[in-house]
Amino acid sequence: MNDKIAQYVRETMKGYGVSDRKLERELILACRDEYEMRLADGAYEDEAFKAAVENIEEIAKSRIPRRNKFAFALGMGILALCISVLEMLASLLVARLDVYRASMPVCIAGIVVIIVLYVILKRGSYRWYDFLILGVMLASWIASTILLLPDFLFNYTPGSDHELNFVFPCLFESRIHRDLMGEGVWSTRYFFYPNFLVSLCIFLPALILFMRERIRLSPKDRR
């Protein structure tokens, strides 16, 4: 019966995601003492077992680790920042136009998939700021795509040339040359690139809120 008590305590704690070896040992010893006491008072084995473990589930529930409610927001902030930084780094290594022409539609599709999965998996535990962050990310990458759409669809003609240069941290320089403009004459336009600044504006507040919540949920605060 001692093994049955120990197994019950371990499985109950595991079922609620509680991993505290010290608490586990204390509960097993307490349950065994209660079991022996009930037997000594004349209870049957099954009755003594039920009485010994009747409070284990409530104790396990009270020790369920509380999750940081800003973890998802921080994860999205890190993801947005990484994507924007990788876009900028990749643009230094290969043709800038090719990088953004490929990355932006993929990012938009990826964010849409994340939103759909969030709606399906979270169900009743939605948080308004998670939707806000996902919406801002989606709007940022859509806006960047729309702003650069003329460059993505640039019509090359004989003798024409087109350059798209990134100006850190938030500008694109689009330079176009066509024969009809005369030899060596370029037209230059500048477009706002919001993704990097937007990702910073998501990441930094999310990091601060996550750390504050982590401190609040620390064991010292739960005593």
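Residues numbered from 1 in each chain as written. Predicted model: local features only at pLDDT ≥ 70, side-chain atom pairs only at ≥ 80, totals over all residues. Heavy atoms only, no water.

Per the secondary structure count, the chain includes nine helices and three strands. Listing the helices and strands of the chain from first to last along the sequence gives α-α-α-α-α-α-α-β-β-β-α-α. When the 223 residues of the chain are sorted by exposure, 35% land in the buried category. Sequence-distant contacts, at least 24 apart, represent 58% of the contacts inside the chain between residues at least 6 apart. About 14000 Å² of surface is accessible on the chain, with carbon and sulfur atoms providing 61% of the total. (Helix = DSSP H or I, 4+ residues; strand = E, 2+ residues; numbered from the N terminus. Buried < 20%, exposed > 50% of the residue type's maximum accessible area, 1.4 Å probe, protein only. Contact = heavy atoms within 4.5 Å. Areas by Shrake-Rupley, 256 points an atom, 1.4 Å probe, with all protein chains shown as cover.)

To continue, consider the packing of aromatic side chains. What the rule picks out here adds up to seven aromatic pairs. With a centroid separation of 5.1 Å and an interplanar angle of 85°, the aromatic rings of Y118 and F131 are classed as edge-to-face. Pair noted here: Y118 is in helix α6 (residues 96-122) and F131 is in helix α7 (residues 128-152), with a separation of 13 residues, a long-range link. Judged by its relative accessible area of 34%, F131 is partly exposed. Linked through ring pairs, F72, Y118, Y126 and F131 together constitute an aromatic cluster. (Phe/Tyr/Trp six-rings, centres within 6.5 Å; stacked < 30°, edge-to-face > 60°.)

Per the counting criterion, the structure on display carries two salt bridges. Between R38 and E34 there is a salt bridge, and its shortest N-O distance comes to 2.8 Å. Note that R38 and E34 are positioned in helix α2 (residues 21-40) at a spacing of four residues, about one turn of the helix. (Salt bridge = Lys/Arg side-chain N within 4 Å of Asp/Glu carboxyl O.)

Counting residues in hydrophobic clusters, the biggest one holds 34 residues, and the most contacted among them are Y100, M104, M137, W141, L148, F172 and Y193. Of all the elements in the fold, those that place two or more residues in this core are α5 (71-93), α6, α7, β1 (161-167) and α8 (195-216). When neighbours within four sequence positions are excluded, M137 is seen to be in contact with M76, A80, I111 and I202. In this structure, A6, M13, L23 and I28 belong to the second largest nonpolar core, which totals 15 residues. (Core = buried A, V, L, I, M, F, W, Y, C linked by side-chain atoms within 4.5 Å.)

Turning next to the sheet that holds β1. Reading across the sheet, the three strands line up as β1-β2-β3 and stay open at both edges, with antiparallel pairing between neighbours. Bordering the open sheet on either side are β1 and β3 (187-192), each of which pairs with just one other strand. For this sheet the average axis-to-axis angle between neighbouring strands, irrespective of direction, equals 20°. Each of β1, β2 (171-177) and β3 is contacted by α7, which is oriented at about 155° to β3, the strand it contacts most. (Pairing = 2+ DSSP bridges. Axes fitted to C-alpha atoms, helices over the stretch in contact; angles between N-to-C directions.)

This part is about the side chain of N195. Considering the arrangement of structural elements, one finds N195 in helix α8. Owing to a relative accessible area of 0%, N195 belongs among the buried residues under this scheme. If we skip the residues at most four places from it in the chain, N195 touches S84, E87, M104, S140, W141 and S144.

Residues H162, L164 and F166 point to one face of β1 and are all buried, whereas D161, E163, N165 and V167, pointing to the other face, are not buried. With seven bridges joining them, β1 and β2 adopt antiparallel strand pairing. Within the sheet, the bridge partner assigned to V167 lies in β2 and is L171. The turn linking β1 back onto β2 is made up of three residues.

From the geometry alone we can't say anything about function, so treat these as descriptive.
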